[in-house]
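# Observations on the three-dimensional arrangement
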Amino acid sequence: MAVRSKRPVKPQARRKFLRTVVMGVGLIGVTLLGYIPVLGRWAARLRPPGALPEQQFLASCIKCGQCVQVCPVEAISLADLDEGFGVGTPYIDARAQACDFSCDGLQCVLACPTGALTHEINYPHETDMGIAKVVRPDLCLAVQGRGFSGQARGAAFTGMLRYDAVDRWNPIPVSEHPYELELCDLCMRQCPIEIRLAQCEAGTPPSGDERQCPPQHAIRLEPLDAGDGITRMQPVILDGCVGCGVCEMICPVEPAVIVIDGTESRGMGA
Amino acid sequence: MSRLYDSMAELLGREPRKPAADEIDPQIRDIHVGKRNDSTRIEKIKIELAHKAAHKPPEKLRRKRWAVLILVNLLFVVSYQLDIQMLEGSMTASRFVGFHMADLNSALQVMLAYKHILINLLIGTVTVFIGWWLLGGRTFCSWACPYHLLAEWAEMLHLKLAEKKLVKDHPFDRRVRTWFWLIFAALAAVTGYTVYETISPTGILSRALIYGPGLALIWVGLLLLFEIFYSRRAWCRYACPIGLTYGLVGATSPLKVQYHLDSCFHEGECRKVCLVPHVLNTVIKGRATGMNVDIGADCTRCGRCVEACPTSSLTFKFKGLGDLL
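Just so you know, the residues in each chain are numbered from 1, in the order the chain's sequence is written. Starting at A for chains and at 1 for ligands, labels are handed out in the order in which the entities are written. This being a predicted model, a pLDDT of at least 70 is required before a residue's local features are given, and a value of 80 or more before pairs of side-chain atoms are given or counted; all residues contribute to the totals for chains, interfaces and linings.

### Brief notes about the overall build of chain A
Counted only if it meets this: The helix count covers DSSP runs of H or I at least four residues long, the strand count covers runs of E at least two residues long, and both are numbered beginning at the N terminus. Radius of gyration: C-alpha atoms only; globule rule: 2.2 Å multiplied by the number of residues to the exponent 0.38. Contact between two residues is assigned when their C-beta atoms, built from the backbone, lie within 7 Å.
When helices and strands are tallied, chain A shows nine helices and ten strands. Taking 270 residues into account, the globule formula puts the C-alpha radius of gyration at 18 Å, and chain A, at 25 Å, lies well above it. For chain A, the spread of C-alpha atoms along the three principal axes comes to 100 × 45 × 35 Å. Long-range pairs, those at least 24 residues apart, make up 70% of the contacts in chain A between residues at least 6 apart in sequence.

See the structure below:
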């Protein structure tokens, strides 16, 4: 060894070594920048049904997008590089397109190869994506005692929902299904949990499967008396809410009265 | 066995070594003497090479390989976009007509970060392991990886610029790829995030093709610029842990490129086109220890050397099936 260390190092070899060290440190450094958006929780995303708590979700997701491919309403998108270590992970922008469970069988959960969307759930009411919150009650049409007529989100809105009465199997654009309501109740009317409960109460559970019946209500409209004789109602979120985001998507006012908070149930809280 | 040891050591970054005199079969020396005196053959090869240099023939095998690579990636795209459901998912994990497949390095990152192994992921990993073991390991790189194709085009540009003396190749120490592999594995285990996936150009490109482009493509662009202007094929040669993972898988693969000493006149055409020229060290005069030598584990089985060789001294070999080409 002593002899070897006395041998002069060629300047070319030294340069190559230094270059390699700089490149190595540089690449690892750049990669670790991906930590910042994750640690800083820059993007508290609503994740697809069955998503594990955020840290475990990011660890177990293999970033393949198979969940994206099976969703009948194309609710799922993949995160970009600005989300650091979260790049390629699936999320749902509920206002643009919520998960309406029109696949019934949680196709994204079945598609997930790693269990990042846990395979332990089978039915919509077993999911826990987040919880809806009434954040702007003063904007709510029902609170103002107003009805709603027309396309819930306007003609240009591309979001889709499955309307059982129109087509049991295929979702259609919300813009093709105008409403005529004396008092706006869209959030409750389109809630997938409430729709299933109503079907079960009528003795016709989805696919004739009793297990599809949610055990609890998710949303209710409660009478509100302002003392002016106008019929007013206000939406109240109940324990059965799974955070699918349909109420946020369908809310016809801008910005939405109800938004989903995906942080509490999935370990993303501060 | 010592050949496998050397192949692995070179895969991990050791420089190829010159064999000692007693390691070389004595008949080989006689062959070298015989070849040196075969001046008519040498003259013929020189003329052929001069002709090739003047009228560059199309690299047919390379074009076929590109077609395969594009088809594989296109199959992902059309499976989703046209909903034909042949190959769903992306390069990191997919289902081929329903069968789970998982990229070995991505699966490793998930297993280390999450520390649980789901049966579907295990099935996908084993399937892919067996598949790429049969096909040669790093065959994934040159026949399937979308970044490889872009890097090949960037390399063509780099070589053109280098010919005009506008750029110069700055090689790195190849051992750095082994360090990257270890560090990325350790980072996944320690941080609990699939850290490597953040910068994997393979995953980024595959997702961009299938699900649409995004900001992440800027990173891929920067890598390509680095390779064009600073260091030839830097990512595949010195950085990619996916390549090393598949190299380890393919070390014992039955599919090899094999070198035949008796017909070789050591022009070195093969080493000029090779992504990993250290695997072709054996073609240098005086380095081959046997008459037929299997090319090492780092070889991507791209076949460019097979096509470039003027004396057909490199051939694809599937052990038990004989010469493929």
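Back to the write-up after that little detour.
### Points about the overall build of chain B
Of regular secondary structure, chain B possesses 15 helices and seven strands. Whereas a compact globule of 325 residues would reach a radius of gyration of roughly 20 Å, chain B reaches 21 Å, a difference of no more than 12%. Each principal axis of the C-alpha distribution contributes one length, and for chain B these read about 60 × 45 × 35 Å. Long-range contacts, defined here as pairs at least 24 residues apart, represent 72% of the contacts in chain B between residues at least 6 apart.

### Remarks on the sheet that holds strand β3 (residues 99-102) of chain B
All names here are of chain B. Selection rule: Strands qualify as paired when DSSP identifies two bridges or more between them. All axes are obtained by fitting lines to C-alpha atoms, using only the stretch in contact for helices, and the reported angles, taken between N-to-C directions, cover 0 to 180 degrees.
The three strands are arranged β1-β2-β3 in an open sheet whose pairing can be described as antiparallel. Two strands bound the open sheet, and with one partner strand each, they are β1 (87-90) and β3. Across the sheet, the mean angle from the axis of one strand to that of its neighbour is 15°, orientation sign disregarded. Sheet topology places β1 next to strand β2 (residues 93-96); four bridges connect them, and they run antiparallel. Bridged to Leu 87 within β2 is Phe 96.

### Concerning the confidence of the model for chain B
Residues and elements named next belong to chain B. We count it as follows: In predicted models, pLDDT denotes the confidence assigned by the predictor to each residue on a 0 to 100 scale.
With 98% of its residues at a pLDDT of 70 or more, chain B has an overall mean of 92. Taken element by element, the predicted model of chain B shows its lowest mean pLDDT in strand β7 (residues 322-323) (60) and its highest in helix α11 (residues 216-229) (98). Listed scores for the predicted complex are pTM 0.91 and ipTM 0.90.

### Some remarks on the packing of helix α5 (residues 104-114) of chain B against helix α6 (residues 119-135) of chain B
Residue and element names in this part refer to chain B. Just so we agree on the cut-off: Each angle gets one of four labels, with under 35 degrees taken as roughly parallel, over 145 as roughly antiparallel, 65 to 115 as roughly perpendicular, and the rest as oblique. Whether a crossing is left-handed or right-handed is set by the direction in which the near helix is turned from the far one by less than a right angle, anticlockwise for left-handed and clockwise for right-handed. For this scheme, ten residues count as nonpolar: Ala, Val, Leu, Ile, Met, Phe, Trp, Tyr, Cys and Pro. Four count as charged, namely Asp, Glu, Lys and Arg, and the remainder, Gly too, count as polar.
Their axes nearest at 10 Å, the elements α5 and α6 cross at an angle of 150°. By the angle between their axes, α5 is roughly antiparallel relative to α6. The element α5 and its partner α6 pack so that their crossing is left-handed. Between α5, through Leu 104, Ala 107 and Val 110, and α6, the contact on the second element is made entirely by Leu 121, Gly 124, Thr 125, Val 128 and Phe 129. Taken together, the residues of the contact of α5 with α6 break down into six nonpolar, two polar and no charged.

### Remarks on the environment of Gly124(B)
Residues and elements named next belong to chain B. Applicable threshold: Using C-beta atoms placed from the backbone, we call a residue buried if 20 or more other C-beta atoms fall within 10 Å of its own, exposed if 12 or fewer do, and partly exposed for counts in between.
Along the chain, Gly 124 turns up in helix α6. Residue classification places Gly 124 among the buried residues on the basis of 28 C-beta atoms within 10 Å. Sequence separation between Gly 124 and Asp 169 is 45 residues; the distance between their C-alpha atoms is 39 Å.

### Considerations on the nonpolar core
The cut-off we apply is this: Joining buried Ala, Val, Leu, Ile, Met, Phe, Trp, Tyr and Cys residues through C-beta atoms within 7 Å gives a set, and that set is a nonpolar core. Segmentation into domains, and thus their bounds, comes from an automatic or database assignment.
Core analysis: the largest hydrophobic core is formed by 143 residues, its most contacted members being Cys67(A), Cys108(A), Cys187(A), Cys191(A), Cys247(A), Ile250(A) and Ala188(B). Counting only domains with at least three residues in this core, you end up with domain 1 (2-57 + 254-323) and domain 2 (61-248) of chain B. Not counting chain neighbours up to four residues away, the residues in contact with Ile250(A) comprise Ala152(A), Val174(A), Leu186(A), Cys187(A) and Gln190(A).

### A look at the domain arrangement of chain B
By a widespread convention, an interface's size corresponds to the accessible area lost as its parts come together. Residue and element names in this part refer to chain B. For chain B, the assigned domains read domain 1 (2-57 + 254-323) and domain 2 (61-248). If you average the C-alpha positions of domain 1 and of domain 2, the two centres end up 28 Å apart. On the side of domain 2, 20 residues touch domain 1, which itself brings 17 residues to the contact. In terms of residue count, the dominant contributor to the side of domain 1 that touches domain 2 is helix α15 (residues 304-308) (three residues).

### Observations concerning the interface of chain B and chain A
Listed per partner, the contact involves 42 residues of chain B and 35 residues of chain A. For the side of chain B that touches chain A, the secondary structure elements donating two or more residues are β1, β2, β3, α5, α6, α9 (175-191), α10 (201-211) and α11 of chain B. No other element matches α5(B), which puts five residues into the side of chain B that touches chain A. Residue classes in the side of chain B that touches chain A are distributed as 23 nonpolar, 14 polar and five charged.

### Considering unusual backbone geometry
Here the amide bond leading from Glu254(A) into Pro255(A) is cis, since omega sits at -10°, within 30 degrees of zero. Considering the arrangement of structural elements, one finds Pro255(A) in the loop between α9 (246-250) and β10 (258-261). For Gln85(B), which is not glycine, the phi dihedral falls at a positive 55°. Residue Gln85(B) is classed as partly exposed on the basis of its C-beta count, with 14 C-beta atoms lying within 10 Å. Phi at Lys115(B) is positive, roughly 65°, even though this residue is not glycine. On the secondary structure map, Lys115(B) appears in the loop between α5 and α6.

### Structural notes on the environment of Cys247(A)
Residues and elements named next belong to chain A. Residue placement: Cys 247 occurs in helix α9. Exposure remark for Cys 247: the 30 C-beta atoms within 10 Å place this residue in the buried category. Discounting chain neighbours no more than four positions away, the residues touching Cys 247 are Ala 132, Cys 187, Cys 191, Ile 219 and Ile 258.

### Observations concerning helix α3 (residues 39-54) of chain B
Put simply, the test is: Here the expected span of a helix is defined as 1.5 Å times the quantity of residues minus one.
Here α3(B) is 16 residues long and its end C-alpha atoms lie 23 Å apart, about the 22 Å a rise of 1.5 Å per residue gives. Counting buried residues in α3(B) gives zero out of 16 residues, a small share hidden from the surface.

### Concerning α6(B)
Each turn of an α-helix holds 3.6 residues, which means side chains three or four residues apart point in the same direction. Residues and elements named next belong to chain B. Short version of the rule: The directions from the helix axis to the C-beta atoms form the arc being described.
Here α6 is 17 residues long and its end C-alpha atoms lie 24 Å apart, about the 24 Å a rise of 1.5 Å per residue gives. Taken together, the buried positions of α6 are Leu 121, Gly 124, Thr 125, Val 128, Trp 132 and Leu 135. An end-on view of α6 places all buried positions within 105° of arc, on one side of the element. Facing away from the buried side of α6 by over 90 degrees, the exposed positions are Ile 119 and Ile 130. As for α6, its buried residues are in contact with β2, β3, α5, α7 (139-143), α13 (241-250) and β4 (255-260). Two residues or fewer after α6 comes Gly 136, characterised by a positive phi angle close to 110°.

### Considerations on the environment of Thr191(B)
Topologically, Thr191(B) is positioned in helix α9. Considered as a pair, Thr191(B) and Cys302(B) are 111 residues apart in the sequence and their alpha carbons are 36 Å apart.

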